[in-house]
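# Descriptive structure summary
Here's the letter readout for the chains.
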Amino acid sequence: MFSKRGINIGDTLSFRLAVIYAGIFALTSLLAFSVFYYRIHSLTMSQVDEELIEEVGEFAEISEEDGVEGVRGEMSLEIEEEDPKEIFLRLYSGDGKVLASTDLSSWGDLPVDREAIGSALKRENVLKTLKLPTRDYHARTIFASIGPELVLQIGMTLEDAEDYLQIFRNLFILLFLAVFLLSVFIGRYMGKKALSDVEKVTHAAREISRGAHDMRVDVGLKYREVRELGETFNRMLDEIHVLIEGMRELTDNVAHDLRSPLTRIRGSAEMALLKETSPDGFREMAAGIIDECDNLIEIINTMLDITESEAGIMDIARDEFNVSDLLSDACEIYRPLADDKEVSIRVEVSGGLMFSGDRRKLQRVLANLLENAIKYSHQGGEVVLSASISESVLHFEIRDNGIGISEDDRPHIFDRFYRSEASRCESGIGLGLTLAKAFAEAMGGGISVVSSPGAGSVFSVVLPIMV
Ligand code: ADP
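Conventions we followed
Residues numbered from 1 in each chain as written. Predicted model: local features only at pLDDT ≥ 70, side-chain atom pairs only at ≥ 80, totals over all residues. Heavy atoms only, no water. Pairing = 2+ DSSP bridges. Helix = DSSP H or I, 4+ residues; strand = E, 2+ residues; numbered from the N terminus. Axes fitted to C-alpha atoms, helices over the stretch in contact; angles between N-to-C directions. Phe/Tyr/Trp six-rings, centres within 6.5 Å; stacked < 30°, edge-to-face > 60°. Lys NZ or Arg CZ within 6 Å of the ring centre and 35° of its normal. Domains from an automatic or database assignment. Buried < 20%, exposed > 50% of the residue type's maximum accessible area, 1.4 Å probe, protein only. 1 Å grid on protein atoms, 1.4 Å probe; cavity = no way out; pocket = protein on both sides within 12 Å on 5 of 7 lines; lining within 4 Å. Points joined across faces, edges and corners; volume = space filled by probe spheres on them. Nonpolar A, V, L, I, M, F, W, Y, C, P; charged D, E, K, R; others polar. Salt bridge = Lys/Arg side-chain N within 4 Å of Asp/Glu carboxyl O. Contact = heavy atoms within 4.5 Å.

## Quick word on the sheet that holds strand β9 (residues 344-348)
- Judged by pairing direction, the sheet is mixed, and its five strands sit side by side in the order β9-β11-β12-β14-β13 without closing on themselves. Each edge of the sheet is formed by a strand with only one pairing partner; in this case those strands are β9 and β13 (446-452). The average angle at which neighbouring strand axes cross in this sheet is 15 degrees, direction not considered.
- Direction of pairing for strand β11 (residues 382-390) relative to strand β12 (residues 393-400): antiparallel, over a ladder of eight bridges. Across the sheet, residue A387 finds its bridge partner in β12, namely F396.

Here's what the structure looks like:
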């Protein structure tokens, strides 16, 4: 098959479309012509037959009026007017004897058709097409009774009719070839036009695979299907871009945030090796290393949880539980921390709210928010937990009147390892809110904050009830 830059054109969709298009066109026009030709052919033949029938009718009248002699006379007159190469007449008696005949020299050997004469005597017109070996064209003939025991045969060349039909056939062949070629070109053009948008998508994909990662498919494509493909393709690229950026950020963060504790571990081990001689000193170093390792393990586990839930591969359990109990339990767990800071905690929930969802994840979201609310409260501050359910959605809020969050920090607090300057004096790794947001979203909900520096913050979580 024709090959373009090593591509087999026979394999291309545009080529195949062109072939299918041309094939359908060819078949349809062949069918249309066949029907048309059949109609023309039968019309032409019936015209010839009508002429023959009319002719024998006239002879029947003459035979009735003037007998055999009259018919003979009319036969001579007829042949004078017409070319004997185009028409012949033969008169038979009832037993098949030729009573009169026109000049048959140009018609070759014309046998007497007794069967046709027999049928004609029964007053049935017999119409036949003859193929005579000496003649290029067929002839149409009629046998008809024109009087008692008198049968007339008239034969007529089909030269005109056949020439006329031949013109049609030639015309059709020419037209068919022109239409076929045209349909190949139109099919190929239409296929190429329809697929030109697909080629644009392919081109963009090729460029992206060569490193043009910021390139996108032009969404102003003509055809809706391909436009949707382009849009989906662009969306997929955007998502991949976000994932790559996330991974890059994560790697940077991991490198940055794991380096400090590891350096500290190494430093204390080194110091102990160089300076310590007492078992107590080594014990103290081991305890410090365990603390740092716990810290590292927590960071790694939290990051794994965040990554898993952001990737949408985390299992979400479906538990039935009372939200009021969950909030009260969380308060009890964090009360010692709150008491140390002299911060009061309150739960404001009307009645027992039953919720269906992942209890453990909700607990962790709540724990992070509650710990922050206590951590970032002033001495004597107040933290209030409230919850309500409306339209199959659980809303809960954690309100504090602590240090609040500045306008500059607010857009970043859910980012990995982000910690505001104001929070540096408190312990933390900057992953609590990232985890809370990732879990809330993995459960189909979300988290938002309203805060003003110095006045406190309200973190709101919405979670749909699982059905
Ligand atoms: P961490 O508390 O470990 O620093 P988080 O991810 O939980 O990390 O919080 C990120 C940042 O958001 C905190 O460093 C702090 O600046 C801010 N923040 C979170 N919760 C509160 C709050 N209730 N009040 C004031 N600031 C808060």
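Following the structure, the description resumes.
## Structural notes on the packing of aromatic side chains
- Counted under the stated rule, the structure contains eleven aromatic pairs.
- Seen from their ring centres, F172 and F176 are 5.6 Å apart, and the 35 degrees between their planes marks the pair as tilted. Of this pair, F172 and F176 are both found in helix α3 (residues 159-209), four residues apart, which corresponds to roughly one turn of the helix.
- Aromatic rings pair up to connect F33, Y37, F172, F176 and F180 into one cluster.
- Seen from the ring of W107, R135 lies directly overhead, with NZ or CZ sitting 3.7 Å from the centre.

## A word on the domain arrangement of the chain
- Along its sequence, the chain is organised into domain 1 (2-164), domain 2 (224-311) and domain 3 (319-464).
- The centre of domain 1, based on its C-alpha atoms, is set 99 Å off from the matching centre of domain 2.

## Topic: the pairing of strand β7 (residues 150-157)
- Of all eight residues that make up β7, eight are buried, and the element is covered over most of its length.
- A two-sided burial pattern is seen for β7, the buried positions comprising L150, L152, I154 and M156 on one face and V151, Q153, G155 and T157 on the other.
- Pairing between strand β3 (residues 87-93) and β7: seven bridges, direction antiparallel. Across the sheet, L89 pairs through a bridge with I154, a residue of β7.
- Where strand β6 (residues 139-147) meets β7, eight bridges bridge the pair, whose relative direction is antiparallel. Bridge pairing links A139 to T157 in β7.
- In textbook terms, the turn of a hairpin is the stretch between consecutive antiparallel strands, and for β6 and β7 this stretch comprises two residues, one of which, E149, has a positive phi near 55 degrees.

## Digging into empty space enclosed by the protein
- Counted by the stated rule, this structure contains one cavity of 30 Å³ or more.
- Here the largest cavity defines a volume of roughly 40 Å³.
- If you go around the largest cavity, the residues you meet are I316, F355, G357, D358, M443, L463, P464 and M466.
- Classifying every residue of the lining of the largest cavity by side-chain character gives six nonpolar, one polar and one charged.

## Things to note about the pattern of salt bridges
- By the definition in use, this model includes 20 salt bridges.
- Notably, a salt bridge pairs R140 with D49, separated by 2.7 Å at the nearest N-O pair. With a gap of 91 residues between them, R140 in strand β6 and D49 in helix α1 (residues 13-81) connect regions that are remote in the sequence. For the pair formed by R140 and D49, the shared burial category is buried.

## Examining the sheet that holds β3
- A sheet is described by the order of its strands in space; here five strands give the open sequence β4-β3-β7-β6-β5, paired in antiparallel fashion. At either end of the open sheet lies a strand with only one pairing partner, and these are β4 (98-101) and β5 (126-130). Going across the sheet, the axis of each strand differs from the next one's by a mean of 20 degrees, ignoring polarity.
- Of the strand pairs in this sheet, β3 and β4 are connected by three bridges, and their pairing is antiparallel. When the sheet's bridge partners are listed, R90 is paired in β4 with S101.
- Each of β3, β5, β6 and β7 touches helix α2 (residues 114-121); the most contacted strand, β6, lies at about 45 degrees to it.

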